[in-house]
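Next come the chains, spelled out residue by residue.
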Protein chains: 2
Amino acid sequence: MDDENTIFVGSKETMSYVMALMTQFSSGSEEAVIKARGRAISKAVDIAEIAKNRFLDDAEITDILTETEQLENDEGDGTTNVSSIEITVKKH
Amino acid sequence: MDDENTIFVGSKETMSYVMALMTQFSSGSEEAVIKARGRAISKAVDIAEIAKNRFLDDAEITDILTETEQLENDEGDGTTNVSSIEITVKKH
């Protein structure tokens, strides 16, 4: 899965990521991945659920992976662990 | 899976749920489920990742499910959709 089919969830409104996902599918992709870290994980689940239930009758969540990433902390003198999630959505 | 093996994630500190999970396993369970709704979803992922990486070398996340639940809103005159997650952790 290259980055083209990936939606990175940040601080924008939930619906703007849902729209990005819809655009992905309407441009011909059969699969998209929603990625998020830390507090944005809840939003990533919302995006997948809203897209699946409200907009894409023929889509389903086929895989959900979580992992722990090490990020440099703001002071640059060490690392902080942060959880991340990858949700794969497929259209039939 | 009955409620006995389920950790419901609320507003307590992340580590208190990690400890509840450890207690679950040390009392003989081979499987536990972490459940959360809304913003607590990110915390549920943290709990699973911390337990797996820091405390339970022989544990793994075997399943992650998401769904949309309908909750009565505060005014009692309608329902609000909220996303939820269920993370299953198994000890080998």
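Structure: see above.
One structure accompanies this document, and this report is about it. Only a predicted model underlies this, so the values are computations on that prediction, with no experimental measurement involved. (Residues numbered from 1 in each chain as written. Chains lettered and ligands numbered in written order. Predicted model: local features only at pLDDT ≥ 70, side-chain atom pairs only at ≥ 80, totals over all residues. Heavy atoms only, no water.)

Our focus in this paragraph is the relation of the copies chain A and chain B. Its rotation angle being 180 degrees, the transformation that places chain A on chain B also includes 0.0 Å of axial translation and leaves an RMSD of 0.0 Å. Each copy turns onto its partner about a two-fold axis. Considering only C-alpha atoms, the residue of chain A closest to the rotation axis is Ser42 of chain A, which sits at 2.6 Å. Taken together, the interface assignments show that 100% of the residues at the interface of chain A recur at the interface of chain B, consistent with an identical surface on both copies. (Least-squares fit on C-alpha atoms with pLDDT ≥ 70 in both. Contact = heavy atoms within 4.5 Å.)

Below, the discussion takes up the packing of helix α2 (residues 40-55) of chain A against helix α2 (residues 40-55) of chain B. Helices that pack against each other are described as a pair by the angle of their axes relative to one another and the distance between those axes. For the pair α2 of chain A and α2 of chain B, the least separation of the axes is 6 Å and the interaxial angle reads 115 degrees. Classed by the angle they form, the pair α2 of chain A and α2 of chain B counts as roughly perpendicular. Our pair here, α2 of chain A against α2 of chain B, has a crossing hand that is right-handed. Residues Ala40, Ile41, Ser42 and Val45 of chain A of α2 of chain A form the contact with α2 of chain B, whose participating residues are Ala40, Ile41, Ser42 and Val45 of chain B. (Axes fitted to C-alpha atoms, helices over the stretch in contact; angles between N-to-C directions. Helix = DSSP H or I, 4+ residues; strand = E, 2+ residues; numbered from the N terminus. Parallel < 35°, antiparallel > 145°, perpendicular 65-115°, else oblique. Left-handed = near helix turned anticlockwise from the far one by under 90°.)

Moving on, we come to α2 of chain B. Between its terminal C-alpha atoms α2 of chain B stretches 21 Å, which fits the 22 Å expected from 16 residues at 1.5 Å a residue. Of all the residues in α2 of chain B, the buried ones are Ala40, Ile41, Ser42, Lys43, Ala44, Val45, Ile47, Ala48, Glu49, Ile50 and Ala51 of chain B. (Expected span 1.5 Å × (residues − 1). Buried < 20%, exposed > 50% of the residue type's maximum accessible area, 1.4 Å probe, protein only.)

Moving on: the interface of chain A and chain B. If you look at the interface, chain A gives 18 residues, while chain B gives 18 residues. Summed over the shared surface of chain A and chain B, the result is zero salt bridges. Viewed at the interface, chain B and chain A are joined by 14 residue pairs in polar contact (both at pLDDT 80 or more). Classifying every residue of the side of chain A that touches chain B gives six nonpolar, seven polar and five charged. (Salt bridge = Lys/Arg side-chain N within 4 Å of Asp/Glu carboxyl O. Polar contact = N/O pair within 3.5 Å; in protein donor to acceptor, adjacent residues only side chain to side chain. Nonpolar A, V, L, I, M, F, W, Y, C, P; charged D, E, K, R; others polar.)

Attention now moves to the pattern of salt bridges. Residue and element names in this part refer to chain B. Applying the stated criterion across every chain, the model contains eight salt bridges over all chains. Residues Lys35 and Glu86 are paired through a salt bridge, measuring 3.8 Å at the closest nitrogen-oxygen approach. Here Lys35 is found in strand β2 (residues 31-37), whereas its partner Glu86 is found in strand β4 (residues 79-91), with 51 residues between them in sequence. By relative accessible area, which is 26% here, Lys35 ends up partly exposed.

Our next topic: the packing of helix α1 (residues 14-26) of chain A against α2 of chain A. Residue and element names in this part refer to chain A. At their nearest, the axes of α1 and α2 sit 9 Å apart, and the two run at 55 degrees to each other. In terms of orientation, α1 and α2 fall into the oblique class. Crossing of α1 against α2: the hand is right-handed. On the side of α1, the interface is formed by Thr14, Met15, Tyr17, Val18, Met19, Leu21 and Met22, while α2 contributes Lys43, Asp46, Ile47, Ile50, Ala51, Arg54 and Phe55. Taken together, the residues of the contact of α1 with α2 sort by class into 10 nonpolar, one polar and three charged.

Residues and elements named next belong to chain A. Residues Glu72, Asp74, Glu75 and Asp77 make up a contiguous surface patch of negative charge. Topologically, Asp74 is positioned in the loop between β3 (59-72) and β4 (79-91). Residue Asp74 is classed as exposed on the basis of its relative accessible area, which comes to 82%. (Patch = residues over 30% accessible without salt bridge, like charges linked within 9 Å, V, L, I, M, F, W, Y side chains within 5 Å. Areas by Shrake-Rupley, 256 points an atom, 1.4 Å probe, with all protein chains shown as cover. Lys, Arg positive; Asp, Glu negative; His and termini not counted. Charge placed at Lys NZ, Arg CZ, Asp CG, Glu CD.)

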